[in-house]
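Here are the chains, one letter per residue:
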Amino acid sequence: MKRIAFFCIPAHGHTNPMLPVAAELVKRGNEVRFYSFNEFEKKILPTGAEFVSCDAFLPEITEEEKERLKNISTTEMTIQDIRITVKMTDFIEKEFQNFRPDVIYTDSACFWGKLNAWKYDIPMVVSTSTFAFNQMSSKYMKMSPAELSDMIFGLSKISKELKTLKPYGYKVKSAMQLVTSDNETDSIVYTTESFQPCSESFTDHYAFVGPSVFSKAMPDKKKERPLVYISMGTVINERPDFYNKCIDALKDMDVDVIISCGNAMDISLLGTLPDNVNVYPYVNQLDVLSRTDVFITHCGMNSVSESLYMASPMVLYPQTSEQYAVARRAAEIGAGEMLKDDSAEGIKKAVETILSGKGYAEAAQKCCDDFRSAPGTAGAADFILNAPHKEGGMDILKELSKTNIVFQIVYWLIVIVLICLFGFLITWKFVWIIGVAAGVFTRPIGNIVQNIRYKQLAGIKREQRNK
């Protein structure tokens, strides 16, 4: 039996996939202590884990800070995470003296979980509630101007806040160490290698276990007419403007419509509902998705995973860079269509495209089969209990780094030779043009070389795994 400490930020999308894993570990006789927040107590207790409230350590925040958090400001979330870590210092020290965890299982965005694992030298496994992102898979992300601005102008604030950690014995060099994935850290990702972008670029320190859900129900699409389900998740879901456009788009179609709008929104803002539309603050999403023919989604990882787990194709309407990456991958495998026009007419056209195109449902079913054949929560539990993992296998990122060094040396040697030839044979007056051109083209040419090398290494890795 092992003692395992779970840590998570106060967010449903990050907490939900950890719950079935906790239940599996408890079922096997392990002692699980889940450090979370009062909002999630009723979800955590049925897993059999001991719930430990951390609400007392949430810092007081201004209305301006609250608004930035609501709008998914990376800077604000990072700052608040650091402040929570500092406030929890004495509490965690006493907890660990008493509980003495053998393993820490922490959400990837939960800094106090990571920092205390490093501080007390406890084996750590990271729970990754979206895709695993590194220099290859992050190319799937598309940052908005607002997100880029938030990141650039927030760097100085984050650096200042990081300095407050040092007096408490926390080992951290930069914010990047806290927020990025690396190939030496044991991590669980709630998707399959087939769905994860650039999965070959991750070492065996990553376990792609598939969706972490309690439901074992199978999709059942048999009914009188199609069902369209609409949800914008649990964070940015106060969207009466968008829901009204959806209602206007679907009210005259021969479909049934279910909208889950969250507890914070006043449903009366949607006016008198058509007969084919039902709106609820909350639904059992897996149950609804098992019957859904088209899911209009914000593309949170949990929502897309649950949709594909239930073989439901999607109209993809991402709101953040991470959601865009998930949406792009879902569209790439043919299981969804990007919503490029969010007017009522655009929404109607997107839904009709999914319903009339047989390929979307087939792609979703193929992904459903893949998800259900994954190791699941049992595989996640095995991975946690066997941590730390020593062997990582081939590290493609390190190999690409070597390739880049060789490329840069060869590339600039060729440039120097060309400059010399041009100068001696023609004129030295214009050799600067070659230097400028070489500087402009070094990155695109380097990317081409890197992509070719990546495909070679990925092929080698797949062959090694299939042996």
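Just above sits the structure.
Residues numbered from 1 in each chain as written. Predicted model: local features only at pLDDT ≥ 70, side-chain atom pairs only at ≥ 80, totals over all residues. Heavy atoms only, no water.

**Examining helix 2 (residues 18-27)**
Burial analysis of helix 2 places eight of its ten residues in the buried class, the great majority of the element. Taken from the residues just after helix 2, Gly29 is the one with a positive phi, measuring 95°. (Buried < 20%, exposed > 50% of the residue type's maximum accessible area, 1.4 Å probe, protein only. Helix = DSSP H or I, 4+ residues; strand = E, 2+ residues; numbered from the N terminus.)

**Considerations on the packing of aromatic side chains**
Each aromatic ring pair is specified by the distance between its two centres and by the angle formed by the two planes. One pass over the full model with this rule turns up 20 aromatic pairs. Ring geometry for Phe6 versus Phe34: centroids 5.2 Å apart, planes at 45°, classification tilted. Of this pair, Phe6 sits in strand 1 (residues 3-7) while Phe34 sits in strand 2 (residues 31-36), and the two are 28 residues apart along the sequence. With a relative accessible area of 0%, Phe34 lands in the buried category. A network of ring pairs unites the aromatic residues Phe7, Tyr35, Phe57, Phe91, Phe96 and Tyr120 as a single cluster. (Phe/Tyr/Trp six-rings, centres within 6.5 Å; stacked < 30°, edge-to-face > 60°.)

**Topic: the nonpolar core**
With 49 residues, the main nonpolar core has Phe6, Phe7, Leu25, Phe34, Tyr105, Ile188 and Ile384 as its most contacted residues. At six residues, helix 5 (residues 74-99) tops the list of elements feeding residues into this core. In contact with Phe6, other than residues within four places in its own chain, are Met18, Val21, Ala22, Leu25, Val32, Arg33, Phe34, Tyr35 and Tyr105. Ranked by size, the runner-up nonpolar core spans 39 residues in total, among them Leu227, Ala335, Met394 and Ala458. (Core = buried A, V, L, I, M, F, W, Y, C linked by side-chain atoms within 4.5 Å. Contact = heavy atoms within 4.5 Å.)

**Digging into the sheet that holds strand 7 (residues 206-208)**
Spatial strand order, 3-2-1-4-5-6-7: seven strands in an open sheet with parallel pairing. This sheet does not close on itself; its edge strands, each paired only once, are strand 3 (50-53) and strand 7. On average, each strand axis in the sheet is inclined to that of its neighbour by 20°, with strand direction left out of account. Relative to strand 4 (residues 103-107), strand 1 runs parallel, the two being bridged by four bridges. Bridging across to strand 4, Phe7 finds its partner in Thr106. Across the sheet, helix 5 is in contact with strand 1, strand 2, strand 3 and strand 4; its angle to strand 2 comes to roughly 170°. In the packing of helix 6 (residues 111-119) onto the sheet, contacts are made with strand 1, strand 4 and strand 5 (124-128), and the angle to strand 4 comes to roughly 150°. (Pairing = 2+ DSSP bridges. Axes fitted to C-alpha atoms, helices over the stretch in contact; angles between N-to-C directions.)

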